[in-house]
Amino acid sequence: MNKNDIVGRTDGSCPPDRDFRNNAGCFLHVEDPLVRRLSLQGKIGLERESLRITTDGHMAHTPDYFSSEKNIVRDFCENQTEINTPPCDSVNDVMESLAASHEIIVRTLKEADPEEYLWPHSNPPYIVNEDDIPIAQYTDTEVHKQRYREYLSERYGRYKMTFSGIHFNYSPGEALLQANHEAFYPNMTFSAYRDAFYMSLGAKSQAYNWLIVALTAASPLLDSSYVEKGVYGRDVFNGMGSTRCSELGYWNYFTPILDYSHISNYAESILSYIERGLIRSAAELYFPVRIKSFHEYSPCSLCEEGVSHIELRMIDLNPLTPYGIDERDVAFIKLYLIWLSSLPSVKMEAGEQVIAIQNTKNAARYDLKTVNILMPDGRSLKATAAAEEVLGEMKKFFENLNADETSGPVFPDEGGSDEPSMISEILDYQIKKIEVPETRYAWRIREEYGDGFVEKTLEKLKKT
């Protein structure tokens, strides 16, 4: 595959429908009454990974139980179940979908012989050795999926593949995009505008993704068997609030630099790493933010089909909640993406992208007062001050949005309404995490699960 394969034209140019160069400047103009009224509309979906384990805290080696469940698949490991919710219109709907699949998994594992548990943490339980981590098994027409996992095993080692987390998928409402397009970008085709909108949102999400890491970090503890073969039952605290998002986590051996100026340039920048042998496919790009196409995730699909949604991949499992994520965090991330969508585009040249990745790793620290964040305008702030500033800007934005005029549920109460005060409460919940460090998930988990990380988790699982 080469550039011409991506864009589908022998002269190396984009198809006419997508031929609008350097157009990554599209954003939501909420000063327009119709755009403002539709701004909270959109689809959200969750992907949640979790390990199946034995009742004594080891990796389960039983075959997958859920092949008949369309919303439950496997990730790298045979025992790594992944719930994929459908795109949903509200936080309530996506949480209900997540809960329904979760209950199927828990009920099935409880009835299994021998019984198994669903591990609630992003960091794994006891690990004996590399062979104790079972690669997902496939046959016939899907055997290529197993071969790909074997390749990942050789390249990165299996230990890292046991990290589990949550991915957040988002797409603005079609009526919202249409209104914004017609009012402010009428000289572009809608498909070109939509791609440019997502390119802009992707660049801004990369610049600010550290905030989500700081607010959802929930994996401060590791079992000693992860870092020292044959040594079990000792807690390891490495100064991280989120191990999987830290320097020790899920990253490529290089810092990818992506071109957000146009969908074809973005696709080509991914393809360049494939052609150089740095990654085998787009799926191997371990990056906090992905721009996804409608079907297969590949450079070719991005150019041929255009963009379907944006995916945020930096959320830890939260064992303090029943289903791995707090519904207030789901609501907040949607609000965060709406806020980002309204910002003017940011330039994400190579230097800014390297800084953005380092910001992500810094935000994964346990104590945010010990690290700095480099802001898009070049200022260096303590991570706590940077988070307070951004959350303050978000609060002003939604206060000015006249939320009582918006439509489409963000975090509806039992009556299905969407009160402005509820949005304020969601933002205040996040602000408190920064103002009172002890309320952050990583701090609470270290307090609750420390001095026996695996054993204390097993005790709680046995009681449920």
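Residues numbered from 1 in each chain as written. Predicted model: local features only at pLDDT ≥ 70, side-chain atom pairs only at ≥ 80, totals over all residues. Heavy atoms only, no water.

Q: Honestly, the overall build of the protein chain in this entry has me stumped. Any pointers?
A: Across its full length, the protein chain carries 15 helices and 11 strands. Expected size for 464 residues packed as a compact globule is a radius of gyration near 23 Å; at 22 Å, the protein chain falls within 12% of this value. By its C-alpha atoms, the protein chain is 60 × 55 × 45 Å across when sized along the principal axes. The 464 residues of the protein chain split such that 60% are buried. For the protein chain, the proportion of contacts with a sequence separation of at least 24, taken over those separated by at least 6, is 74%. Summed over all atoms, the accessible surface of the protein chain reaches about 18,600 Å², with 49% contributed by carbon and sulfur. Averaging the locations of the 48 positively and 71 negatively charged side chains of the protein chain gives two centres separated by 3 Å. (Helix = DSSP H or I, 4+ residues; strand = E, 2+ residues; numbered from the N terminus. Rg over C-alpha atoms; globule rule 2.2 N^0.38 Å. Buried < 20%, exposed > 50% of the residue type's maximum accessible area, 1.4 Å probe, protein only. Contact = heavy atoms within 4.5 Å. Areas by Shrake-Rupley, 256 points an atom, 1.4 Å probe, with all protein chains shown as cover. Lys, Arg positive; Asp, Glu negative; His and termini not counted. Charge placed at Lys NZ, Arg CZ, Asp CG, Glu CD.)

Q: Would you mind showing me how to read the packing of helix 7 (residues 190-216) against helix 12 (residues 383-400) here?
A: A packed helix pair is summarised by two numbers, namely the angle formed by the two axes and the spacing between the axes. Relative to each other, helix 7 and helix 12 sit at 105°, their axes nearing to 10 Å. It follows from the interaxial angle that helix 7 and helix 12 lie roughly perpendicular. Of helix 12, the residues touching helix 7 (which contributes Tyr208, Trp210, Leu211 and Leu215) are Ala383, Ala386, Ala387, Val390 and Leu391. (Axes fitted to C-alpha atoms, helices over the stretch in contact; angles between N-to-C directions. Parallel < 35°, antiparallel > 145°, perpendicular 65-115°, else oblique.)

Q: Any chance you could explain the pattern of salt bridges here in plain terms?
A: Side-chain pairing between opposite charges can occur once the charged atoms of the two side chains come close. Per the stated rule, a full pass over the model turns up 17 salt bridges. Between Arg379 and Glu389 there is a salt bridge; the shortest N-O distance is 2.5 Å. With Arg379 in the loop between strand 10 (372-374) and strand 11 (380-382) and Glu389 in helix 12, this residue pair connects regions lying 10 residues apart in the sequence. With relative accessibility at 25%, the residue Glu389 sits in the partly exposed group. What you see here is one network of salt bridges that share partners, running through Lys292, Glu311 and Arg313. (Salt bridge = Lys/Arg side-chain N within 4 Å of Asp/Glu carboxyl O.)

Q: Is there a simple way to explain the side chain of Asn79 in this structure?
A: Assignment of secondary structure puts Asn79 in the loop between strand 2 (72-74) and strand 3 (80-84). Excluding its chain neighbours within four sequence positions, the residues that come into contact with Asn79 are Ser50, Leu51, Arg52, Met59, Ala60 and Pro134.

Take it as geometry only, folks, not as evidence of what the structure does.
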